[in-house]
Protein chains: 2
Amino acid sequence: MQKDPAIPQFDLPRLRIACRECTLFQLCLPVGVSEADLDLLENIIKRRRPVQRGEYLFQMGEPFESIFAVRSGSVKTYTLTEDGREQVTGFHLPGELVGLDAIGGGRHACTAKALETTSVCELPYNQLEELWSRIPSLPRQLVRIMSKEVLHDQTLMTLLGKKSAEERLASYLLSLSTRLGQRGFSSHEFNLSMSRNDIGNYLGLAVETVSRVFTRFQDEKVLTVQRRNVRIHDLTALRRISSYSNIPRACPSAN
Amino acid sequence: MQKDPAIPQFDLPRLRIACRECTLFQLCLPVGVSEADLDLLENIIKRRRPVQRGEYLFQMGEPFESIFAVRSGSVKTYTLTEDGREQVTGFHLPGELVGLDAIGGGRHACTAKALETTSVCELPYNQLEELWSRIPSLPRQLVRIMSKEVLHDQTLMTLLGKKSAEERLASYLLSLSTRLGQRGFSSHEFNLSMSRNDIGNYLGLAVETVSRVFTRFQDEKVLTVQRRNVRIHDLTALRRISSYSNIPRACPSAN
DNA sequence: CGAATCCTTGAACACCTTCAACAGGGGTGG
DNA sequence: CCACCCCTGTTGAAGGTGTTCAAGGATTCG
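Since the structure is predicted, the reported quantities are computational estimates derived from the model, not experimental observations. (Residues numbered from 1 in each chain as written. Chains lettered and ligands numbered in written order. Predicted model: local features only at pLDDT ≥ 70, side-chain atom pairs only at ≥ 80, totals over all residues.)

Let us look at the overall build of chain A. Broken down by element type, chain A carries seven helices and 11 strands. Among the 255 residues that make up chain A, the fraction classed as buried is 44%. Looking at chain A alone, contacts between residues at least 24 apart form 71% of all its contacts between residues at least 6 apart. (Helix = DSSP H or I, 4+ residues; strand = E, 2+ residues; numbered from the N terminus. Buried ≥ 20, exposed ≤ 12 C-beta atoms within 10 Å, placed from the backbone. Contact = placed C-beta atoms within 7 Å.)

Formed by 126 residues in total, the largest nonpolar core has its most connected members in F68, A69 and M146 of chain A together with F68, A69 and M146 of chain B. Not counting chain neighbours up to four residues away, the residues in contact with M146 of chain B comprise V143, M146, S147 and V150 of chain A together with L100 of chain B. (Core = buried A, V, L, I, M, F, W, Y, C linked by C-beta atoms within 7 Å.)

All right, on to the protein's contact with DNA strand C then. As a structural note, the neighbourhood of DNA strand C is formed by 23 residues, with S164, A165 and T209 of chain A together with S195 and S211 of chain B the closest of them. Those elements giving two or more residues to the surface near DNA strand C turn out to be α6 (207–219) of chain A together with α5 (196–203) and α6 (207–219) of chain B. Ranked by residues supplied to the surface near DNA strand C, first place goes to α6 of chain B with six residues. A breakdown of the residues in the surface near DNA strand C according to their chemical character gives eight nonpolar, eight polar and seven charged. (Near = placed C-beta within 6 Å. Nonpolar A, V, L, I, M, F, W, Y, C, P; charged D, E, K, R; others polar.)

Interfaces are often described in size by the accessible area the parts lose on coming together. Taken together, the 51 residues of chain B in the interface contact 52 residues of chain A. Looking at the side of chain B that touches chain A, the element that brings in the most residues is helix α3 (residues 137–162) of chain B, giving 20 residues. Looking at the side of chain B that touches chain A, its residues break down into 19 nonpolar, 19 polar and 13 charged.

Residues and elements named next belong to chain A. Taken domain by domain, chain A comprises domain 1 (12–149) and domain 2 (150–242). Once you take the C-alpha centre of each, domain 1 and domain 2 turn out to be 25 Å apart. With 17 residues of domain 1 at the interface, the matching set in domain 2 holds 13 residues. Counting residues per element, the ones that place at least two in the side of domain 1 that touches domain 2 are β5 (86–92) and α3 (137–162). By residue class, the composition of the side of domain 1 that touches domain 2 is seven nonpolar, five polar and five charged. (Domains from an automatic or database assignment.)

This part takes up α5 of chain B. One turn of an α-helix holds 3.6 residues; hence residues three or four places apart share an orientation. All names here are of chain B. The buried fraction of α5 is high, at six of eight residues. For α5, the full list of buried residues reads D198, I199, G200, N201, Y202 and L203. Those residues of α5 that are buried lie in contact with β4 (75–80), β5 (86–92), α4 (165–182) and α6. G204 occupies a position one or two residues after α5 and carries a positive phi of about 70 degrees.

Moving on, we get to the environment of L235 of chain A. Residue placement: L235 of chain A occurs in helix α7 (residues 235–242). For the pair formed by L235 of chain A and L223 of chain A, sequence separation is 12 residues and the distance between their alpha carbons is 8.6 Å.

Moving on, we get to the sheet that holds β4 of chain B. The strand order across the open sheet formed by four strands is β2-β7-β4-β5 (chain B), and the pairing between neighbours is antiparallel. Every other strand in the sheet has two partners, leaving β2 (56–58) and β5 of chain B as the edge strands with one partner each. Across the sheet, the mean angle from the axis of one strand to that of its neighbour is 30 degrees, orientation sign disregarded. When β2 of chain B meets strand β7 (residues 111–114) of chain B, the two strands line up antiparallel, connected through two bridges. Bridge pairing in β7 of chain B places F58 of chain B opposite A112 of chain B. Strand contacts of α3 of chain A: β4 and β5 of chain B, with the helix running at about 120 degrees to β5 of chain B, the strand carrying the most contacts. In this fold α5 of chain B packs onto β4 and β5 of chain B, with an angle of close to 100 degrees to the strand it touches most, β5 of chain B. (Pairing = 2+ DSSP bridges. Axes fitted to C-alpha atoms, helices over the stretch in contact; angles between N-to-C directions.)

Residue and element names in this part refer to chain B. It is at 8 Å that the axes of α5 and α6 come closest, and there the two elements cross at 105 degrees. As far as their axial angle goes, α6 and α5 are roughly perpendicular. Judged by residue contacts, R196, N197, I199 and G200 of α5 engage V207, T209, V210 and S211 from α6. By residue class, the composition of the contact of α5 with α6 is three nonpolar, four polar and one charged. (Parallel < 35°, antiparallel > 145°, perpendicular 65-115°, else oblique.)

Before going further, it helps to examine the relation of the copies chain B and chain A. Mapping chain B onto chain A calls for a screw motion: a turn of 180 degrees about the axis and a shift of 0.0 Å along it, with 0.0 Å RMSD after fitting. Taken together, these values place the two copies in the relation of a two-fold axis. Counting the interface residues of chain B, we find that 100% of their copies in chain A are interface residues as well, pointing to one common contact surface. (Least-squares fit on C-alpha atoms with pLDDT ≥ 70 in both.)

The subject of this paragraph is unusual backbone geometry. With a phi close to 60 degrees, K221 of chain A is a non-glycine residue in the positive phi region. Of note, K221 of chain A is situated in the loop between α6 and β10 (223–226). Judged by the 10 C-beta atoms lying within 10 Å of it, K221 of chain A falls in the exposed class. Positive phi outside glycine occurs at R227 of chain B, with the angle close to 55 degrees. Tracing the sequence through the fold places R227 of chain B in the loop between β10 (223–226) and β11 (229–232).

What follows is about the sheet that holds strand β2 (residues 56–58) of chain A. The four strands lie next to each other as β2-β7-β4-β5 (chain A), forming an open sheet whose pairing is antiparallel. What marks the edges here is a single partner per strand, and that holds for β2 and β5 of chain A. Between one strand axis and the next, the sheet turns by 30 degrees as a mean value, whatever way the strands run. Here strand β4 (residues 75–80) of chain A pairs with β5 of chain A via six bridges, running antiparallel. Its bridge partner being in β5 of chain A, K76 of chain A is matched across the sheet by F91 of chain A. Together, β4 and β5 of chain A form the strand contacts of α3 of chain B, whose direction differs from that of β5 of chain A by roughly 120 degrees.

Attention now moves to the packing of helix α4 (residues 165–182) of chain A against α6 of chain A. Two measures define how a pair of helices packs: the angle their axes make with one another and the distance between the axes. Residues and elements named next belong to chain A. The interhelical angle for the contact between α4 and α6, taken along N-to-C directions, is 75 degrees, at an axis separation of 10 Å. Between α4 and α6, the crossing angle belongs to the class labelled roughly perpendicular. Packed against α4, whose contacting residues are A165, E166 and L169, the element α6 presents T209, V210 and V213 at the interface. In terms of residue class, the contact of α4 with α6 is made up of four nonpolar, one polar and one charged.

What follows deals with the pairing of β5 of chain B. Most of β5 of chain B is tucked away: seven of the seven residues are buried. Hairpin geometry of β4 of chain B and β5 of chain B is characterised by an intervening segment of five residues between the two adjacent antiparallel strands and by a positive phi of about 90 degrees at G84 of chain B.

Here it is in structure tokens:
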């Protein structure tokens, strides 16, 4: 695993880590859960030993047992299309939940792979459901999180359906920057844990295009990029680029 | 409103329609709710008078009050991007829920517009939440539905990121065909309630491309299309086209 | 009947992809 | 410790798919 100045190592060996001590408390499922109820929640959480880069949290087709909360590191989720190609469906940072798309189908619809050394909290879903009657804020929060997930997917649909290559990469970097900032990391310098291949796959672009746009951004002094290390110099420019301001054609707001 | 042989008129004037009598019972939120509990659920449902074509269920930015279940007709949801362009995020058929993306944010993130005369069940969300303790299957079912929504969005991401124009339209028509079939309508002949503009917007294509692909499909005898009326002749061909079998380039499953 | 909207078709262009080749790290093994 | 190799990332050139621009036809509705 590469050294990564932006992602400090957590105290991984400490197996028993309470939600209330977790730096991600505000971002994760326990939001709104009372002190008294936290114990109930914590009792069902399995804290696995850290997952190494390339290892799986779960794989597509496996029976659905648990959802996972990322504690540190990062996870990529992807599906295999019928002809065996990979479609990256998301990158998950600390505090984010993985596996939500499997609840409805009983089987995992995607594969979750660690992009670096990653630690997660495993939440057995059956046990989680059983807590709902005792902790009503739990299902409320879960539904809220899933609602935001739907919202996120919709912005992604806009990105894929309407945006140019530059707009896509700018939006992507801004998303990463914001999310890292929320988690206490630097929002203007960070290391990408995913390859250009993954980025391109996720953004609906060829690897070469991702590479080219990166160098274009660098030429325009918007950022500096060296392999996986990104330093954003002009956040405003990035924002301007991302909110596509192409001249819109006459677009009758059809019936 | 145009005549539509594939969508028979429901008995709209009858205001009091019980879930248990609803033909959509199996597709909608009440799945898994016991007979005894149905009354509780039905009591909070507001059944509005039918919404006319072009009218709104809700608009972007409005405070979130209710989610809606489509009873008959169809609804288009869309967001306005920062520069005022429209992004269609979905088309909703009978039995499907609308407004789920607003739960997390407190405000509607999209606008829902009727594509034809449409009737809906309005479910005030606060009251719905209050029922959860009495009817535990309600939140379970809601989470399940939202999970499927996430799943659906992911296939759409694949469509937008990886598929060609032909593959997109074929997938879209198959989706419509399947969903209409599930609802008791013909799966090989139906009328589109949305314009080419909306379809193109949804699929990330220019209107002209949608039109061209339609005629190409017609030339290949896959279907007949006359304005909004679609007759599918070769479902197999459509399926073959939709599951893109382009020669994949070397695609190292980059860690 | 006329206006507006929706849909279709044609031609030129643009953006991104594909193909190809090479450069630079990082890891492994000698 | 260096050489080597593989993988990742970069850059160039050609090509294709879909967009844009433009114009005309069809349908609906006032």
